[in-house]
Amino acid sequence: MERLEPGKNIAGATPSSGRTTLPTDTINPTPAKTHAYDTTTLSICNFLSKGWEVSILGLLAFIQQKYAFPLYMVGILSTVFIVSQISISFFAGRIAHAIHSRNVIFLSIAASALSWLVLFLSGSVPMLYLAYMFAGISSGLFEPIGNSLVAKISSSKNRGTAIGNFAAYGDMGRIAVVAAATALAGFLGVNHACAVLFASALMALLLAIFFIPKATAATDAEAEEMPIHLAELWKNRKFCWATAAGMADSFSSASLYIFIPFLLTEKGIALANTLYFNVIFFAGYMSGRLALGRLADRYGGPRILMLSKIAMAILILLLTLLTGKGMMVVLLFLLGIFTRGSSPIIRAMVADSMAENISFHNAFSTYSFASRSSGAICRPIYVVLASSVGISAVFYLASAVSLCTLYPAAKYKDA
């Protein structure tokens, strides 16, 4: 049957002819095209991805002890991971368009499995570089594409909530998987721990292949989404302001947990006990992602982002000035809420800056590359500042940079 044009009836006449006009979509309807994903499956993948990411870095102490290499090698292996992670994230969108995002997810899990397998089989230090390169590639592929898919399949009205839930799963993975990996390394040795983690990645890959269905030509919305190039993103002012806000946010907050133990020891808290305070800080991370994403959906992302960065700056100052274990617990939990709880807000702003018929993959790849690079650059700056001026200076700088987020957030709101 011939498809009708809008405003014409079955005979092809206009409505004024007196014949009943039928809705266009009731005649030879086209099947709705959807994404072959649900946020629960993607969130579970994020739980594992973030857990593996933190675990392979957390096991560096065990690996250093096993191979008896100098401490500076820990920094080198961490750098291999970060450089691989940031570099591949820039191309993640292009890779997704070339091989489909479903295969990118599989590739990410497979890269994690390879990293654990190499660590298990490795008998020499040079092989460690390969393992940490695979781990960085895994994280760099999944993070932008996972967020892009969650943003795309979520309604713009609850996008902040969906991305916040997705990120919260990652925080739970950080806590649970790293705790399991550390316990396994302590009881079984680092080699056998890596073998167990390889088995977990292999099982996850098989389950992902089973639970993430292959999209057909009739149902795949992703195939019809138009890619967007870097030059076009540069012309999109809202995207640029959201990315600038993400860079300031990442610089001020992404690495702060590394320096919290040093600040707490200056306040008389034993170094051995600082781990528990970081767990409280991470619990704040998770709570913030769940709460602030919902508030952003209700009151607007830029507004909630600005309020959270003001709160972060105030809490950092209080953390440096006040003492007492009880006070530190409260401040660190609240600081965790406003430190990284704001990241889903910015990712939702990135998605909202794009037209719905545009693929989000390139936008999130570019954003991930920029924000992760900013987070990586801040670490040597903070280390130099802590060594030359004092640990409190790190937190003062973080507080100041967090306030720099206010300008791009305000510009985004007005764009």
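See the structure shown above.
Residues numbered from 1 in each chain as written. Predicted model: local features only at pLDDT ≥ 70, side-chain atom pairs only at ≥ 80, totals over all residues. Heavy atoms only, no water.

**Q** Any details on the packing of helix H15 (residues 361-388) against helix H16 (residues 391-404)? Residues and values, ideally.
**A** Viewed as axis vectors pointing N to C, H15 and H16 meet at an angle of 135 degrees, and their least axial separation amounts to 6 Å. Accordingly, the angle class assigned to the pair H15 and H16 is oblique. Here the hand of the crossing between H15 and H16 comes out right-handed. Facing Ile381, Tyr382, Leu385 and Ala386 of H15, the residues of H16 in contact are Ile391, Ala393, Val394, Leu397 and Ala398. Taken together, the residues of the contact of H15 with H16 sort by class into 9 nonpolar, no polar and no charged. (Axes fitted to C-alpha atoms, helices over the stretch in contact; angles between N-to-C directions. Helix = DSSP H or I, 4+ residues; strand = E, 2+ residues; numbered from the N terminus. Parallel < 35°, antiparallel > 145°, perpendicular 65-115°, else oblique. Left-handed = near helix turned anticlockwise from the far one by under 90°. Contact = heavy atoms within 4.5 Å. Nonpolar A, V, L, I, M, F, W, Y, C, P; charged D, E, K, R; others polar.)

**Q** Let's hear about unusual backbone geometry: which residues, and what values?
**A** You will see that Ala68, though not glycine, has its phi angle at about 55 degrees, which is positive. Structurally, Ala68 can be placed in the loop between helix H2 (60-67) and helix H3 (72-99). A positive phi is found at His100, a non-glycine position, where the angle reads about 80 degrees. For His100, the position within the fold is in the loop between H3 and helix H4 (101-121).

**Q** Describe the pattern of salt bridges, naming the residues involved and giving the relevant values.
**A** As enumerated under the stated definition, the model contains 9 salt bridges in all. Between Glu53 and Lys50 there is a salt bridge, with its nearest N and O atoms 3.8 Å apart. Linking Glu53 with Lys50, this pair stays in helix H1 (residues 39-58), spanning 3 residues, or about one helical turn. For the residue pair Glu53 and Lys50, the accessibility class agrees, reading buried in each case. In the salt-bridge network here, residues are joined through shared partners; they are Glu143, Arg347 and Arg372. (Salt bridge = Lys/Arg side-chain N within 4 Å of Asp/Glu carboxyl O. Buried < 20%, exposed > 50% of the residue type's maximum accessible area, 1.4 Å probe, protein only.)

**Q** Talk me through a nonpolar patch on the surface; I want residue IDs and the actual numbers.
**A** Residues Leu307, Ile310, Ile314, Leu317, Leu318, Leu321, Leu322, Met327, Tyr396 and Leu403 make up a contiguous nonpolar surface patch of roughly 860 Å² in combined accessible area. Listed by contribution, the elements that provide at least two residues to the nonpolar patch are helix H12 (301-321) and H16. Of all the elements, H12 adds the most residues to the nonpolar patch, at 6 residues. A relative accessible area of 53% places Leu307 in the exposed class. (Patch = residues over 30% accessible without salt bridge, like charges linked within 9 Å, V, L, I, M, F, W, Y side chains within 5 Å. Areas by Shrake-Rupley, 256 points an atom, 1.4 Å probe, with all protein chains shown as cover.)

**Q** Outline the nonpolar core, listing residues and values.
**A** Among the nonpolar cores identified, the biggest contains 73 residues, and Trp52, Ile63, Ile105, Trp116, Leu119, Tyr132 and Met354 are the most heavily contacted of them. Here this core takes 11 residues from helix H5 (residues 125-153), the largest share from any one element. Setting aside residues no more than four positions away along its own chain, Trp116 makes contact with Trp52, Ser55, Ile56, Leu59, Cys194, Leu197 and Phe198. Ile269, Ile316, Leu319 and Cys378 belong to the second-largest nonpolar core, a separate cluster that totals 27 residues. (Core = buried A, V, L, I, M, F, W, Y, C linked by side-chain atoms within 4.5 Å.)

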